[in-house]
Every structure is written in structure tokens, then in C-alpha cells.
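Chain by chain, the residues run as shown.
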Amino acid sequence: MVNSTLMKRDLKCEVAYVLIGEHLDGVWLASMKWRRRGAPLSVEFDWRRVMEREERSGDVVGFLHTHPRGCQSPSSRDDATMIAWSSCFGKPLLCLIDDCTTIGAWLYDYRQNDRIRLQKIKRFRRNQLVIIE
Ligand SMILES: [Zn+2]
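Conventions used here
- Residues numbered from 1 in each chain as written.
- Predicted model: local features only at pLDDT ≥ 70, side-chain atom pairs only at ≥ 80, totals over all residues.
- Heavy atoms only, no water.
- Donors = N, O, S within 2.8 Å, 3.2 Å for Na, K, Ca; no water.
- Tetrahedral: all angles 85-135°; square planar, octahedral: opposite > 155°, others 65-115°.
- Helix = DSSP H or I, 4+ residues; strand = E, 2+ residues; numbered from the N terminus.
- Buried < 20%, exposed > 50% of the residue type's maximum accessible area, 1.4 Å probe, protein only.
- Core = buried A, V, L, I, M, F, W, Y, C linked by side-chain atoms within 4.5 Å.
- Contact = heavy atoms within 4.5 Å.
- Pairing = 2+ DSSP bridges.
- Phe/Tyr/Trp six-rings, centres within 6.5 Å; stacked < 30°, edge-to-face > 60°.
- Lys NZ or Arg CZ within 6 Å of the ring centre and 35° of its normal.

This part covers the coordination of the zinc ion. For the zinc ion, the full set of protein donor atoms is His 65 (NE2), His 67 (NE2), Asp 78 (OD) and Asp 78 (OD), at a range of 2.0 to 2.6 Å. Taken together, the four donor atoms coordinating the zinc ion span angles of 54 to 158 degrees at the metal, a pattern that classifies the geometry as irregular. Here the donor residues of the zinc ion share one chain and are spaced in sequence as H-x1-H-x10-D. Of this pair, His 67 sits in the loop between strand 4 (60–66) and helix 2 (76–89) while Asp 78 is found in helix 2, placing the two residues 11 residues apart along the sequence. Of the two residues, His 67 and Asp 78, neither departs from the other in class, the shared state being buried.

Here is a general trend for soluble globular proteins: nonpolar side chains tend to be buried in one another's company. In this structure, Leu 19, Leu 64, Leu 94, Leu 96, Leu 129 and Ile 131 are the most contacted members of the largest nonpolar core, which totals 17 residues. Listing elements by their share of this core, those giving two or more residues are strand 2 (14–24), strand 3 (27–38), strand 4, strand 5 (93–98), strand 6 (102–109) and strand 9 (128–132). In contact with Leu 129, not counting residues within four places along its chain, are Leu 19, Trp 28, Leu 29, Ala 30, Met 32, Leu 64, Leu 96, Lys 122 and Arg 123. Of all hydrophobic cores here, the second largest spans 16 residues; its members include Val 18, Val 50, Val 60 and Ile 83.

As for its position among the elements, Asp 59 is in the loop between helix 1 (47–57) and strand 4. Excluding residues within four positions of it along the chain, Asp 59 makes contact with Leu 19, Ile 20, Gly 21, Arg 53, Glu 54 and Lys 91.

Turning our eyes to something else, we now look at the pairing of strand 7 (residues 114–118). By the bridge criterion, five bridges tie strand 6 to strand 7 in an arrangement that is antiparallel. If you follow Trp 106 over to strand 7, its bridge partner there is Arg 117. Counted along the chain from strand 6 to the antiparallel partner strand 7, the turn is four residues long, and its residue Asn 113 has a positive phi close to 50 degrees.

On to unusual backbone geometry. At Trp 34, a position not held by glycine, the phi torsion is positive, near 55 degrees. Its place among the elements puts Trp 34 in strand 3. Backbone geometry places Arg 126, a non-glycine residue, at a positive phi of 60 degrees. Among the secondary structure elements, Arg 126 is positioned in the loop between strand 8 (120–124) and strand 9.

Quick look at the packing of aromatic side chains now. Aromatic ring pairs are defined here through the distance separating the ring centres and the angle between the ring planes. Following the criterion strictly, the structure yields four aromatic pairs and no others. Between Trp 47 and Phe 63, the aromatic rings sit 6.2 Å apart at their centres with planes inclined by 70 degrees, giving edge-to-face as the arrangement. Here the residue Trp 47 occupies a position in helix 1, and Phe 63 occupies one in strand 4, the gap between them amounting to 16 residues. Residue classification places Trp 47 among the partly exposed residues on the basis of a relative accessible area of 30%. By relative accessible area, which is 2% here, Phe 63 ends up buried. Ring centres of Phe 63 and Trp 85 lie 5.6 Å apart, and the angle between their planes is 50 degrees; on these two criteria the pair is classed as tilted. Of this pair, Phe 63 sits in strand 4 while Trp 85 sits in helix 2, and the two are 22 residues apart along the sequence. In this structure, Phe 63 and Trp 85 share a single accessibility class: buried. These aromatic residues form a ring-pair network of at least three members: Trp 47, Phe 63, Trp 85 and Phe 89. The side chain of Arg 49 reaches across the aromatic face of Trp 34, ending 3.9 Å from its centre.

So, in C-alpha cells, the structure goes:
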């Protein structure tokens, strides 16, 4: 577990980041990029920008969003969205959920149509994360 990324002003809204990085031998390196804020349950990514980034660089490794009401498990909407993105990109993707206390990590793979929870996550300076399968 790793401490929340949230600041006090974020507690009433959802915050989302795109995770840019790489994956090698069960280790994920991810930078939190393109912060967005929105009303609870409604924050949206700039989907076109995400698609363009993946097509150009192939380095989108997932998404981080908050659950300001404190539930760390992915919602059914999160499940559907993550499986769709994993299928669209043709690769596994991380879903990190910050519940205002800690960050939980899940790995979605469209080929299994399922998620697995990852237990080891560390946060470094400049919004860099390392997640180990
Ligand atoms: Zn969610």
C-alpha cells in the first residue's frame, strides 16, 4: 500500500490521471500525467489524447482515479471501462484507485476478461509509481 495522492481540496471531487510508463518482467513503472478533476463519479479523461498517445508512443500503462467516498475496489463501471481499454490497446492495463487513504492497484487483461489485485505499489517523487506483480 502507498499513501493517497490526494490533496485536501480534492476530497469532494474525483481526480484522474493517465499513467504513462513501461512494463518489464512483472514490474510496472508509471508516471501520473494529465490530471483531471470532476464531480464525484463523473471525471472523464481526454480520451482522444489518450488514444493518440498510445498510437504514437505505445506507453499508456493505465489510469489512476479517486474514490472520494472511500471505497478502494473498482466499480462495475470501472471493470467495464478497463476491460474495454485493455481490449482496445491489445494489452494489459493498470487501474489504480486512490480512496483518500491509500492507493489500490488492479491489473486488467482483456484476454482473461478479469482483473487481479496487485499488492506491491510504491510512490516516488514527481508522481512516479512502481507496481510489482
Ligand atoms: Zn472508480
